[in-house]
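# Coordinate analysis (summary)
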Amino acid sequence: MDEIVKEFLVENYENLDRLDRDLVSLEKDPHSKDTLGSIFRTIHTLKGTSGFLGFGKLEAVAHVGENLLSKMRDGIFIINPEITSALLATVDAVRFMLSQIEASGDPGDRDYSSLIERLTFLNEGKTLPVEAAPVVQASAPEPLPITHAPETCSLPPTVAAQAEPVADAPEPVDLPPAAPSIAAAVPVPAVSTSAPVSGIPVPQTAPVVPDAATATETTEPRGSGVSDSTIRVDVGLLDKLMNLVGELVLARNQVLQFNGQYTDTAFLATSQRLNLITTELQGSVMKTRMQPIGNVWNKLPRVVRDLATACGKEVRIEMAGKETELDKTIIEAIKDPLTHIVRNSVDHGIEGAEVRVERGKSAEGCLLMRAYHEGGQVNIEISDDGGGIDSERVKQKAMQRGLITSEQAARMSDHEALHLIFLPGFSTAEKITNVSGRGVGMDVVKTNIEKIGGTVDLQSQPGVGTTLKIKIPLTLAIIPALVVTSGGDRFAIPQVSLLELVRLEAEQARKQIEFIHGAPVYRLRGQLLPLVYLNRELKLDDGRTTAVVDDAVNIVVVQADGHPFGLVVDEINDTEEIVVKPLGKQLKGVTSFAGATIMGDGRVALILDVLGIAQRANVVTEERNRTLSEASTHGRKATDSRQTLLLFDVGQGGRMAMPLSMVARLEEFSQSSVEHSGAQEVVRYRGQILPLIRVANYVNGGGHTVPEPDGPMQVVVYSEQGRSVGLVVSRISDIVQETITVKRHAQSNGIFGSVVIQDRVTDLIDVKAVIRSADPSFYPEKPAVPAAA
Amino acid sequence: MTDCKQFATFFLNGLFLGVEVLKVQEVIRYQEMTRVPIAPAMIRGLINLRGQIVTAIDLRRRLELPPRPEGQLPMNVVVRTDDGAVSLLVDEIGDVLEIPDDTYERTPETLTGVARELVRGVYKLKERLLLILDTERAVSLPAAFNRTAAKGN
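Residues numbered from 1 in each chain as written. Chains lettered and ligands numbered in written order. Predicted model: local features only at pLDDT ≥ 70, side-chain atom pairs only at ≥ 80, totals over all residues.

### Remarks on the overall build of chain A
Short version of the rule: Where helices and strands are cited, they refer to DSSP runs of H or I of at least four residues and of E of at least two residues respectively, numbered from the N terminus. Residues are called buried when their C-beta atom has 20 or more other C-beta atoms within 10 Å, exposed when it has 12 or fewer, and partly exposed otherwise; all C-beta atoms are positioned from the backbone. Note on contacts: residues are paired as contacts if their backbone-placed C-beta atoms lie within 7 Å.
Broken down by element type, chain A carries 23 helices and 32 strands. Scored against the burial criterion, the 789 residues of chain A give a buried share of 39%. Expressed as a percentage of contacts within chain A between residues at least 6 apart in sequence, the contacts between residues at least 24 apart total 67%.

Next comes the structure, spelled out in structure tokens:
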């Protein structure tokens, strides 16, 4: 294909996306001259270029659209829903023609006279009949049966083209009169999707020129007047760059291995430099592939608008965190799931205007999308203030469909019940609409998200609303991992699945590993942790059962699908950054491995797929967990009110606690490594200078110096915004999970109050206050606000 | 003068096999392999080939031939496939031969079983038969295995 045509296509696909957004935005703000101007210019340019390239049909359609817009620009018409719909239909028609040009070189021979007629009608100021003229089909013609009961939301096919390759038979858009009748269908759990999503392989890259020559803008929001500080880069080239950096990381790892052997200072210095540069390069290249999630979200306003109109509801969409960046591959993977979830919310979650008003809500429903980085992952939340999901109804339907038994239903918590909607074959929609309800949607959403290593969580309050939380790792290519050895082979466990490490000495192991229904478990702080012996699971010892041996037992506590379990391995080695390489197709069926990597010494190690292992070992079934919860003497409490705390001793016998979430690391330093920077005690730590704060000096009145205990110093490292501080304590005691009820509120600086933990009075340390009194400059210009514990 | 094709040849349990030379990325001696637990038996392990991780397939296993005698180390014939490079473990490497097309024949009836599926055709050479291997099929799992694996897992 001609270079010019390629460019034409790429540019105009982008333009069309912007048109969608602009049109929806104009509808909300009809007097915005800027938006109108932008829309006009886009169509005008499109018309011109298509004429120049000889695409007559395209030119004709664009021309009529331009006429209408011109009149609007002159103030003769003000935009209204009819005009908007017609213009959106024009955008779809153009998009379709562009795809035809991409495929075969010309806009195709579909007949657009009805669309042109419609636009001309509007141009002449006539209003269209309520039965709108058949709209343009936007994708492969495979008519789906659409139920016509007034309760259904028949979705105008135009939206379909936008979000998914849904094909709909051209039908008169039947705007249901019945907001109440839809609402009468009792708030239904957010469910499934239109069938096409399940079956048809999604040509996600439909708006993209083939050959993976997807042009990506490396940074910056689009819109008119974007500066020339951005450049278009071929995604294939970026992939190649990523690979090369991956190779460099491996080579760097190998070079660092030699650091131990050679003491030549020149070599050490050079390899250090190589290390620094590689790390920076890796970071920068990863950034090039990062795109703001707004790119995906930008399509949603239109989806919501069209769907809401079709359903006769009023819904607005709000987005927070548009600039949150994700790797491009992840964005591709979550596009469809996100769209699906949004459609569910509008279709099933949010009630019709009348019902909402009856319930004391505003007539317009609100869909809130939030995205933010946290803990090395990207969190995406989709909340609606609709009718919520009734867990009872979900259980009923699940039983009806034979997915669970009535006993299971009885024992299920509400939270678990909600998650039933993710089971394949589940749908509680009363009527199957062509939007959702075919029982194939939510499980596909969950699978797609899990495929990229993410998790999905659902929370809902009947009558109030529903929130879906998605967590995805930041990158797939280079990840931190824990290396373990078992059965003579080395394996890598991605850190994102890692919870903690437990080592049991032989004696403890014998006593503390219990057997429930024949399965080994370990009681970790009251919670029963199912154990999986890696050697046995992977048949590394040729089937020899690894019963508790005389040696110490190493348990790697990991979590799969939200369920923690312990992986017993022979040895725990080190944490490393590894480059993830995919396994060949011959190994795709082995679910226990997620990929392979090359270690520093050049040998290959397999990366464990924690979820795969858990499933193989049957550790994550609801059954198993329920059995465990019955056996556990503590029972299933709501875990929300329990906090994980680090207990430590300060000064003479003073016991204190702080939330474990505030602890970055626990370290030990010898007294001799303490140096002084001015009056501040510091220590060299991981290439940085770590200021030390002796907690005993700052709490409970402070000021009294404590006799130094002999031996190494115990330090709790606390980090915030890239800066770290070491809190020196006398002794690190334990980690517990407790529900906190403060017995006595703070009488002095540095503590929030006291609680009783393990029969001892324990002070809750106010970390930020302690830091501030020791080093006021740590928090520049921040008002003294008590930190949230 | 008839047309000729070039083949990289190798020996496997007395069989003389060949692959189009253009399909062969390289031929290297025995490499240390990392085994893959609970994988199909024909997969001997993974090799680090200049930074690329390459799956090594034991051709004897794949062709359901008896296992290699103790102490004999296989050689690697790294072939290009749709999915990337894959290494075939063979007994010994032969020469690259240029073979005239007119000696090509269909696989003889005497060749049965798995070998029949994996051999595309034969060339009748002066002293022996050269069996041409279908590399795509050779690196794919036998269909039967997939079924039983699905049940087992």
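### Some details on the overall build of chain B
In terms of helices and strands, chain B carries four helices and 11 strands. Looking at chain B as a whole, 35% of its 153 residues are labelled buried. Expressed as a percentage of contacts within chain B between residues at least 6 apart in sequence, the contacts between residues at least 24 apart total 55%.

### With respect to the sheet that holds strand β10 (residues 478-486) of chain A
Residue and element names in this part refer to chain A. To keep things clear, this is the line we draw: A pair of strands is labelled paired if DSSP reports no fewer than 2 bridges between them. Axis lines are fitted to C-alpha atoms, over the contacting stretch for helices. Their N-to-C directions set the angle, which ranges from 0 to 180 degrees.
Strand order in this open sheet of five strands is β18-β10-β11-β20-β19, and the pairing throughout is mixed. Among the strands making up the open sheet, the edge pair consists of β18 (571-579) and β19 (593-598). In this sheet, adjacent strand axes meet at a mean angle of 35° when their direction is disregarded. Here β10 runs beside β18; their pairing, made up of seven bridges, is antiparallel. Residue pairing in the sheet places A481 in a bridge with E576 of β18. Lying over the sheet, helix α9 (residues 235-257) contacts β10, β18 and β19, oriented at roughly 145° with respect to β18.

### Structural notes on the confidence of the model for chain A
Operational definition: Values of pLDDT, the confidence the predictor places in each residue, fall between 0 and 100.
Taken as a whole, chain A shows an average pLDDT of 75; of its residues, 76% reach a score of 70 or greater. Residue range residues 543-549 of chain A is modelled with pLDDT below 50. Its contacts to residues more than four positions away, or to other chains, number nine contacts.

### Considerations on the environment of F752(A)
Residue and element names in this part refer to chain A. Tracing the sequence through the fold places F752 in strand β31 (residues 751-757). Looking at F752, the number of C-beta atoms within 10 Å reads 20, which means it is buried. Sequence-wise, F752 and V767 are 15 residues apart; in three dimensions their C-alpha atoms are separated by 9.5 Å.

### With respect to unusual backbone geometry
In the Ramachandran plot, K539(A) falls in the positive-phi region, its phi being about 50° despite a non-glycine side chain. Mapping K539(A) onto the fold places it in the loop between α20 (534-537) and β16 (553-560). Although it is not a glycine, N13(B) adopts a positive phi angle of roughly 55°. Mapped onto the elements of the fold, N13(B) is located in the loop between β1 (4-12) and β2 (15-20).

### Comments concerning the nonpolar core
Residue and element names in this part refer to chain A. To keep it simple, the criterion reads: By definition, a nonpolar core groups buried Ala, Val, Leu, Ile, Met, Phe, Trp, Tyr and Cys residues that connect through C-beta atoms lying within 7 Å of each other. Bear in mind that the domain bounds are from an automatic or database domain assignment.
Judged by nonpolar contacts, the single largest core of 92 residues is most densely connected at I493, V532 and L608. Two domains each donate at least three residues to this core, and these are domain 2 (235-288) and domain 4 (478-631). Non-local contacts of V532, meaning those with residues more than four positions away in its chain, are made with E537, F565, G566, L567, V568, I613, A617 and V619.

### Let's talk about the sheet that holds strand β6 (residues 75-81) of chain B
Residues and elements named next belong to chain B. Strand order across the open sheet formed by five strands is β3-β6-β7-β5-β4, with mixed pairing between neighbours. Two strands in the sheet have a free side with no partner beyond their single neighbour: β3 (24-28) and β4 (43-49). Taking each pair of neighbouring strands and ignoring which way they run, the sheet shows an average axis angle of 25°. Summarising the sheet, β4 and strand β5 (residues 52-58) pair through six bridges and their orientation is antiparallel. Each residue of the ladder has a partner; that of I43, found in β5, is I57.

### Notes on the interface of chain B and chain A
Counting residues at the interface gives 21 residues for chain B and 23 residues for chain A. Contributing elements (two or more residues each) for the side of chain B that touches chain A: β4, β5 and β7 (84-90) of chain B. Ranked by residue count, the leading element in the side of chain B that touches chain A is β4(B), at three residues.

### Some thoughts on the environment of S140(B)
For S140(B), the position within the fold is in the loop between α3 (135-138) and α4 (143-152). Each C-alpha atom, one on S140(B) and one on M42(B), is 9.9 Å from the other, the two residues being 98 residues apart in sequence.

### Things to note about the pairing of β16(A)
Residues and elements named next belong to chain A. The element β16 is extensively covered by neighbouring structure, given that six of its eight residues are classed as buried. Pairing of strand β12 (residues 498-504) with β16, which is carried by six bridges, proceeds in the antiparallel orientation. Residue V502 lies in a different strand from β16, and its bridge partner there is I555. One ladder, built from seven bridges, connects β16 with strand β17 (residues 563-569); its direction is antiparallel. Note that in β17 the partner of V558 across the bridge is F565.

### Digging into helix α13 (residues 328-349) of chain A
Along an α-helix, a turn takes 3.6 residues, which lines up residues three or four apart on a common side. We apply this condition: Helix span, as expected, comes to 1.5 Å for every residue beyond the first.
The terminal C-alpha atoms of α13(A) lie 30 Å apart, and with 22 residues this matches the ideal 32 Å at 1.5 Å per residue to within 8%. Of all 22 residues making up α13(A), 16 are buried, and the element is well covered by its neighbours.

### So, the packing of α13(A) against helix α18 (residues 441-451) of chain A
Residues and elements named next belong to chain A. Rules: Should an angle fall under 35 degrees it is called roughly parallel, over 145 degrees roughly antiparallel, and 65 to 115 degrees roughly perpendicular, with every other angle called oblique. Working rule for handedness: look at the near helix, and if it is turned counterclockwise from the far one by less than a right angle, call the crossing left-handed; if clockwise, right-handed. We call Asp, Glu, Lys and Arg charged. Ala, Val, Leu, Ile, Met, Phe, Trp, Tyr, Cys and Pro are nonpolar, and the rest, Gly among them, are polar.
The interhelical angle for the contact between α13 and α18, taken along N-to-C directions, is 150°, at an axis separation of 9 Å. Judged by the angle between their axes, α13 and α18 are roughly antiparallel. Of the two possible hands of crossing, α13 and α18 adopt the one that is left-handed. Here A333, I334, D336, P337, H340 and I341 of α13 lie close against α18, whose contacting residues are G441, V445, N448, I449 and K451. Broken down by class, the residue content of the contact of α13 with α18 amounts to six nonpolar, three polar and two charged.

### Comments concerning the packing of helix α4 (residues 81-104) of chain A against helix α5 (residues 113-123) of chain A
All names here are of chain A. In contact at an axis separation of 10 Å, α4 and α5 are set at 150° when each is read in the N-to-C sense. Between α4 and α5, the angle falls in the class roughly antiparallel. With respect to the hand of their crossing, α4 and α5 are arranged in left-handed fashion. Along its contact with α4, which presents E82, I83, A86, A89, T90 and A93, the element α5 presents L115, R118, L119 and L122. A per-class count over the contact of α4 with α5 returns seven nonpolar, one polar and two charged.

### Some points on the confidence of the model for chain B
Keep in mind that low pLDDT regions are not for reading the predicted coordinates in detail. All names here are of chain B. Looking at chain B, pLDDT values average 87 and 92% of them are 70 or higher. Taken as a whole, residues 145-153 scores under 50 in pLDDT and shows five contacts with residues more than four places along the chain or in a different chain. Our summary of model confidence lists the complex with pTM equal to 0.54 and ipTM equal to 0.88.

### Notes on α5(A)
Residue and element names in this part refer to chain A. Put simply, the test is: In this description, the arc belongs to the directions extending from the helix axis to the C-beta atoms.
Three or more residues of α5 are buried, namely L115, R118, L119, L122 and N123. The buried residues of α5 occupy one face: seen down the axis, they fall within an arc of 145°. If you follow the buried residues of α5, they end up packed against α3 (56-73) and α4. Directly after α5, the chain includes G125, whose backbone phi takes a positive value near 80°.

### Notes on the environment of L119(A)
Residue and element names in this part refer to chain A. Relative to the elements of secondary structure, L119 occurs in helix α5. A residue is classified by how many C-beta atoms lie within 10 Å of it, and L119, with 24 of them, is buried. Each residue touching L119, except ones within four places of it in the same chain, is listed here: V64, G65, L68, A86 and T90.

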